[in-house]
Amino acid sequence: MLRSLHKVTGNWLGRIITSIVLGLIAISFAIWGIGDIFRGFGQSTVAKIGGTEISVEQFRQTFNDRVQLLGRRLGRPVTQDQARAIGFDRQLLGELLAEAAVDDNAHTLRLGLSDAEIAKRVMADPNFRGITGRFDRARFEQIIRQFGFNESRYVAEQRRLALRRQIVETISGEMKVPSAFVEVRNRFENEERRIEYIKLAAAQAGDIPAPALEALAKYFEERKFQFRAPEFRKLAILAVSPQDVAAKIEVSDSDIKRAFEEKRERYITPEKREIQQIVFATMNDARDAKQRLAQGLTFATLAAERGLKEADINLGFIEKSSIIDRAVADTAFALKAGDVSDPVQGRFGATLLRVVKVEPEKSRPFEEIAPVIKSDLALERAKTKIQDLHDKIEDARAGGLALTEVGKKLEITVRTIDAVDRSGRGSDGAPIRDLPQATELLAGVYASDIGVENDPLQVSGGFIWYDVIGVTPSRDRTLDEVKSRVEQSWRDAQIADRLKVKTAELVDKLKSQNMADVAAANGLKAETADTLKRGKETAGIPARVLIDVFRAGKGEATSTEGVTPAERFVFRVTEIVEPKLVMDAAETKKTDETLRRALGEDLLGQYITQLENDLGATINQDALRTAVGGSAN
């Protein structure tokens, strides 16, 4: 709905903000200098560009709104710390500065739109149409209120968006892409190549004897960092989830039956009907139409006579409660399938209704849904108990108890993990199983230390407490600890070196012999692969080999590494098929549109950069940290 609500934004500001600001934000900040020293404007100001200031309160409100929206999209809460960790605050600041720069330019150019034009655009927005297909004020007010707007704020925002659109479309709208660009892009994407090749694996490297201890030790010393043990941390984890608490809650049969009776409608699927309607200016017009229908005219023909399409008259497959007009709803749900109603005086005019299809009400038996009700009741009661548990755990921790002691006191299982590295692996190198909220937990663990009391992680209605109870620093391992790994690494290196020499010899022979003869002479098999395209991995030809295939010239023999260094390919490009360019083809049009958009975005990027140079941008780092909940220096 939010995407639809900001349709104007999606059509054009999405290009300037999403494609440019989000894509080029790093460039923008590099130009503007994110580290600019604060001076020249109030301490309550986060940033300033031209004559426009972005206040701490304005930025904080926008930041909080966007973080909440991000959480809804991800399906889980996002904290301010997490948002800052991914650079969300600086990304947002870049967006606001870009918008302010464009707004400033619009003001300088004296661009404007009349109130009548803005009203026309708002009323034409399909999101604000009611069941009649016309603008519905009640729906308009409900939707904008849902997203924190009143009418004046929403209209002002739409005015700003429309003015930005004038500028953006002037710069990049309807740009013609040079045909040479389209030809190059078409060739890059659709050129096909055919190759003949020989594949070599570890077997072609021959027998490799075990290394002498001195050679292995030297190899290890030269690459000791590769075998270094990471830092490990010992953890105590106490997790409380609604499901865990609910599993211990008893729900009686009488409670289940009572809940079923109280919320019976929840377990009933209401009747649905596919309904068509035609609205007339007067009741007499509706009566005349009804008479013609009685004489054999079809509803579809009547709609066509009035210039209405199927989408204009079909309300969809809906429940009675979905129809705002009560008179229309009552009439529509009193008809039989196929019947047409008498004229009804609805809120939007005299109406004729037709029922296309009826799906009766469905109810689920108590026996079928009793387990679901029991689970729901237990989870509902668990929410209260979780908060009580949270308070008890926090009180115990405030009293100086370690997490393991809290678990014993409250009879809650505390899980101890003896060793986990930053990637979630144990000392044996295997991933730790069932690590709750692994990404967030490990980030917190490695930002903490022994004896530090950490705030619990909030997740899915529950909490996760953790204590760091031990730290094993990163260290160099001894050869004895990792001898098997070092031997395998040494062996792989030997195979790779031998294969490089072998393939170089084969490539040299291909200067005077064909692929089949060279392969046969070395006990190998010559193969072919055709219709190869850039970036499209084909069975038997790894992606990294394809890269070199499209770097090689026709007839040129060369070699390259396969999936691993212990696999190599010797190949020769035997044919290059240049794609034909048909300008009217759908794929060519798609390519043209992609290039047009990219060129437009490049121009817009230059425009934003020039505005910055002309207007100047300064950023108050301390105010920015304050606005997003960080600590000011």
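Conventions used here
Numbers given to residues run from 1 along each chain, matching the order in which its sequence is written. Given that this is a predicted model, residues contribute local features only at a pLDDT of at least 70 and side-chain atom pairs are listed and counted only at 80 or more, while totals for whole chains, interfaces and linings are drawn from all residues. Only hydrogens and water are removed before side-chain values are computed, so all heavy atoms of the structure are retained for them. Runs of H or I in DSSP of at least four residues are treated as helices and runs of E of at least two as strands, each being numbered from the N terminus. Within these notes, the globule rule equals 2.2 Å times the number of residues to the 0.38 power, and the radius of gyration is based on C-alpha atoms. Relative accessibility thresholds used throughout: buried, under 20% of the residue-type maximum; exposed, over 50%; partly exposed, between the two (1.4 Å probe, protein chains only). Contact between two residues is taken to exist if any of their heavy atoms lie within 4.5 Å; hydrogens are not considered. Computed with a 1.4 Å probe, the accessible areas rest on the Shrake-Rupley method; for each residue, only the protein chains presented here act as cover. Charge assignment in this entry is limited to Lys and Arg as positive and Asp and Glu as negative, and neither His nor the chain termini are counted. Each charge is placed at NZ for Lys, CZ for Arg, CG for Asp and CD for Glu. Here, any two strands with at least 2 DSSP bridges between them count as paired. Convention adopted: a line fitted to C-alpha atoms gives each axis, helices being fitted over their contacting stretch, and angles between N-to-C directions are expressed from 0 to 180 degrees. Here, a salt bridge means any Lys or Arg side-chain nitrogen found within 4 Å of an Asp or Glu carboxyl oxygen. Note on angle classes: values under 35 degrees are labelled roughly parallel, values over 145 roughly antiparallel, values of 65 to 115 roughly perpendicular, and the remainder oblique. Definitions for this section: a left-handed crossing has its near helix turned counterclockwise from the far helix by less than a right angle. A right-handed crossing has that turn clockwise. Three classes are used: nonpolar for Ala, Val, Leu, Ile, Met, Phe, Trp, Tyr, Cys and Pro, charged for Asp, Glu, Lys and Arg, and polar for all others, with Gly counted as polar.

**Student:** Looking at this structure, I do not really get the overall build of the protein chain. What am I missing?
**Tutor:** Within the protein chain, the secondary structure is distributed over 24 helices and 17 strands. Its C-alpha radius of gyration of 35 Å places the protein chain more than 25% over the 26 Å reference for a compact globule of 633 residues. Along the longest, intermediate and shortest principal axes, the C-alpha atoms of the protein chain span 105 × 75 × 70 Å. Across the 633 residues of the protein chain, 38% fall into the buried class. Restricting to contacts in the protein chain with at least 6 residues of sequence separation, those with at least 24 account for 72%. For the protein chain, the accessible area works out to roughly 35,700 Å², and carbon and sulfur atoms hold 49% of it. Of the side-chain charges in the protein chain, 95 are positive and 96 negative, and the distance between the mean point of each set is 2 Å.

**Student:** Explain the sheet that holds strand S16 (residues 568-577) here, please?
**Tutor:** Remark on secondary structure: sheet strands pair via backbone hydrogen bonds, oriented parallel or antiparallel. Taken together, the four strands give an open sheet; going across it, the order is S14-S3-S16-S15, and neighbouring strands pair in antiparallel fashion. Pairing within the sheet leaves two strands with one partner each, and these edge strands are strand S14 (526-532) and strand S15 (557-561). This sheet shows a mean twist of 35° between the axes of neighbouring strands, independent of strand direction. Where strand S3 (residues 192-200) and S16 come together, nine bridges link them in antiparallel fashion. Looking at the pairing, Leu200 lines up with Arg568 of S16. Packing of helix H20 (residues 483-509) onto the sheet brings it into contact with S3, S15 and S16, and relative to S16 it is tilted by some 40°.

**Student:** Mind showing me how you'd approach the environment of Pro126 here?
**Tutor:** Looking at the element boundaries, Pro126 is found in the loop between helix H6 (115-124) and helix H7 (137-146). When its relative accessible area of 40% is taken as the criterion, Pro126 is described as partly exposed. For the pair Pro126 and Asn190, spaced 64 residues apart in sequence, the C-alpha separation works out to 39 Å.

**Student:** What's the story with the pattern of salt bridges in this structure? I'm lost.
**Tutor:** Pairing between side chains of opposite charge can happen when their charged atoms approach one another. The tally for this structure, following the rule as stated, stands at 37 salt bridges. The salt bridge involving Arg193 is made with Glu191; its shortest N-O contact spans 2.7 Å. For Glu191, a relative accessible area of 2% translates into the label buried. As a salt-bridge pair, Arg258 and Asp255 come within 2.8 Å of each other at their nearest N and O atoms. Here Arg258 and its partner Asp255 are both found in helix H12 (residues 253-262), three residues apart, which amounts to about one turn of the helix. Of the residues examined, Asp255 reaches a relative accessible area of 18% and is grouped as buried. Taken together, the salt bridges that share partners define one network made up of Arg187, Glu191, Arg193 and Glu578.

**Student:** How do you make sense of the packing of helix H3 (residues 56-74) against helix H5 (residues 88-108) when you look at a structure like this?
**Tutor:** In a pair of packed helices, the angle between the axes and the distance between the axes together describe the arrangement. Running from N to C, H3 and H5 point in directions that differ by 120°, and their axes come no closer than 11 Å. Relative to H5, the element H3 is oriented oblique. Like other packed secondary-structure pairs, H3 and H5 cross with a definite hand, here right-handed. Taken together, the residues of H5 that come into contact with H3 (itself represented by Phe59, Thr62, Phe63, Arg66, Val67 and Leu70) are Phe88, Asp89, Leu92, Leu93, Glu95 and Leu96. When grouped by side-chain class, the residues that make up the contact of H3 with H5 number eight nonpolar, one polar and three charged.

Worth remembering: the numbers are spatial, not functional.
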